[in-house]
Amino acid sequence: MLDKIILAPYYLVLHVRHALFDHGVIKTHSCEVPTICVGNITAGGTGKTPHTEMILRTLLQSHEWGGTNIAVLSRGHKRSSRGFQQVTLDGNCSLYGDEPLQIKKKFPTVTVAVDRPRVEGCDFLCHPEKLETSKRGRKCKNKDLVKSDIIVLDDAFQYRQLKADFNIVLVDYNHPVSKDKLLPFGRLRDLPQRLHQADVIIVTKCPAYMESYDKANWAKTLGVKDYDPETCQGVGRGGRKITVLFTFINYCDLQPVFPEKGDTRYIYSQKLILFTGIAKDTPLRRFLSDSYKIVKHFSFSDHHKYSSLDISRIMGAVKGFPTAVVATTEKDSQRILDYKNVPETLQERLFQVPIQVYFLSDHEKEVFEKTLLDSLRNKVIENEKAMYEEQRPLSENSPFRL
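Parameters and conventions
- Residues numbered from 1 in each chain as written.
- Predicted model: local features only at pLDDT ≥ 70, side-chain atom pairs only at ≥ 80, totals over all residues.
- Heavy atoms only, no water.
- Pairing = 2+ DSSP bridges.
- Helix = DSSP H or I, 4+ residues; strand = E, 2+ residues; numbered from the N terminus.
- Contact = heavy atoms within 4.5 Å.
- Axes fitted to C-alpha atoms, helices over the stretch in contact; angles between N-to-C directions.
- Patch = residues over 30% accessible without salt bridge, like charges linked within 9 Å, V, L, I, M, F, W, Y side chains within 5 Å.
- Areas by Shrake-Rupley, 256 points an atom, 1.4 Å probe, with all protein chains shown as cover.
- Salt bridge = Lys/Arg side-chain N within 4 Å of Asp/Glu carboxyl O.
- Lys, Arg positive; Asp, Glu negative; His and termini not counted.
- Charge placed at Lys NZ, Arg CZ, Asp CG, Glu CD.
- Core = buried A, V, L, I, M, F, W, Y, C linked by side-chain atoms within 4.5 Å.
- Buried < 20%, exposed > 50% of the residue type's maximum accessible area, 1.4 Å probe, protein only.

A. Quick peek at the sheet that holds strand 16 (residues 325-329). The 5 strands are arranged 13-17-16-14-15 in an open sheet whose pairing can be described as mixed. The two strands at the open ends of the sheet, each matched to only one other strand, are strand 13 (255-256) and strand 15 (293-299). The strands that helix 9 (residues 308-320) touches are strand 14 (271-276), strand 15 and strand 16; relative to strand 15, the one it contacts most, it runs at about 170°. Contacts from helix 10 (residues 330-338) reach strand 14, strand 16 and strand 17 (350-353), with the element oriented near 105° to strand 16.

B. Examining a positive patch on the surface more closely. Taken together, the side chains of Arg82, Arg116, Lys135, Arg138 and Lys139 make up a positively charged region of the molecular surface. Within the secondary structure, Lys135 is located in the loop between helix 6 (130-133) and strand 6 (150-154).

C. Region of the structure containing the nonpolar core. Among the nonpolar cores identified, the biggest contains 81 residues, and Ile36, Leu59 and Ile151 are the most heavily contacted of them. At 6 residues, helix 12 (residues 362-389) tops the list of elements feeding residues into this core. If sequence neighbours within four positions are ignored, Ile36 has contacts with Ile55, Leu59, Ile150, Ile151, Val152, Leu153, Phe166, Ile168, Leu372 and Leu376. Core analysis: the next-biggest nonpolar cluster, separate from the first, contains 19 residues, Phe298, Phe300, Met315 and Ala317 among them.

D. Expanded view of the side chain of Lys48. Mapped onto the fold, Lys48 is located in helix 2 (residues 48-61). An unpaired buried charge is present at Lys48: no salt bridge exists, and Asp155, the closest side chain of opposite charge, is 4.3 Å distant. Not counting residues up to four positions away in its chain, the partners in contact with Lys48 are Val38, Gly39, Asn40, Asp154, Asp155 and Leu170.

E. Examining the side chain of His18 more closely. Residue position: His18 is located in helix 1 (residues 2-22). Under the relative-accessibility criterion, His18 is labelled buried at 4%. Beyond its immediate chain neighbours, meaning those up to four positions away, His18 contacts Arg160, Asp190, Leu191 and Arg194.

F. Seen up close, helix 4 (residues 98-106). The buried fraction of helix 4 amounts to 7 of the 9 residues, a majority that puts the element mostly inside the structure. Taken residue by residue, helix 4 has Asp98, Glu99, Pro100, Leu101, Gln102, Ile103 and Lys104 as its buried positions. On its buried face, helix 4 is in contact with helix 2, strand 3 (70-74), helix 3 (93-96), strand 5 (111-114), strand 6 and helix 10.

Right under this line is the structure:
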């Protein structure tokens with residue numbers, strides 16, 4: 001009861017803020033190219049980055065978008081650079097943030113950019129020439145940018161100034177929203193009813209198998225009624241159809257953080273030293289515990305920047321367990337690479353654990369891809385009609401050029 005009293009002003013502020021946007025008192029902007037938002041209503045830990053990567057694979061493998069210019073726009077959490085920046089392969093986490101750099105390295109053909117004001121960031125991606133003429137654009141270190149045909153927005157669900165064309169909201173299976181509270185008493189950073197403004201809700205970090213009735217019950221806890229496992233849809237507030245899907249994490253084989261130095265023989269050790277700087281590492285620890293005895297575990301804050309003291313602590317564990325392999329996450333490996341003096345003995349035994357997300361069934365995967373691509377197709381058709389009515393020439397790069 002005390003938490004409800006204390007949080008009452010917070011609830012009121014959020015209600016008023018969303019009402020101002022919903023009723024047009026505060027103006028919202030739309031991007032001229034299709035936009036996909038990947039977000040959540042909790043403070044981290046739902047798996048936005050691996051789901052963003054899954055969306056990129058879907059787009060790259062599709063007939064409509066595989067040959068177009070795909071972009072990802074992120075805020076670039078804890079970066080030192082200012083303004084709009086295009087992420088480059090030779091950059092570092094300090095400039096761009098760990099997650100944008102990770103995505104760029106995995107998808108080098110995709111444009112990855114960081115900018116806090118998403119409206120301006122999208123404008124630069126759609127009009128690269130403005131990087132030369134605008135005051136904010138001049139701060140961009142790499143202006144060699146191609147015009148984007150589609151933009152994936154990372155963590156922009158609370159950025160109400162920009163209205164995305166397709167909203168995907170992630171919910172952690174291990175932390176039901178119905179049982180959560182607003183920060184600081186819980187993990188919620190937005191109102192639970194905001195879920196009903198999503199086009200697709202994905203329940204992440206699920207067990208690898210769930211019965212249909214389990215999925216229906218989960219949908220009900222989200223306020224989505226009459227969930228149909230065939231269509232993967234239920235009814236939200238106001239009778240709005242919402243697609244609810246379920247994914248699980250698959251941990252891949254260990255890969256050396258320093259490929260030119262890594263000694264793969266350490267993978268076969270029975271002991272493991274783990275260090276992480278992510279929101280929640282419990283699933284990773286459980287996975288590694290199946291194959292290794294975790295003799296030392298260092299847990300740092302999310303997006304932690306590693307210092308000489310941190311490296312010294314890890315090296316102390318290495319000296320204490322000289323045959324142990326050292327493991328970390330993909331995100332952490334990006335930040336470790338920023339540290340210039342990683343001891344060679346650590347480079348030899350340091351491995352990252354890549355992850356991918358998969359839907360619980362091929363049917364859910366097909367539903368997701370169809371729902372996503374149909375929505376984008378409709379957006380493009382709307383844009384082409386508007387351009388035709390204004391008698392402007394169609395874009396040469398449009399996948400739906402008439």
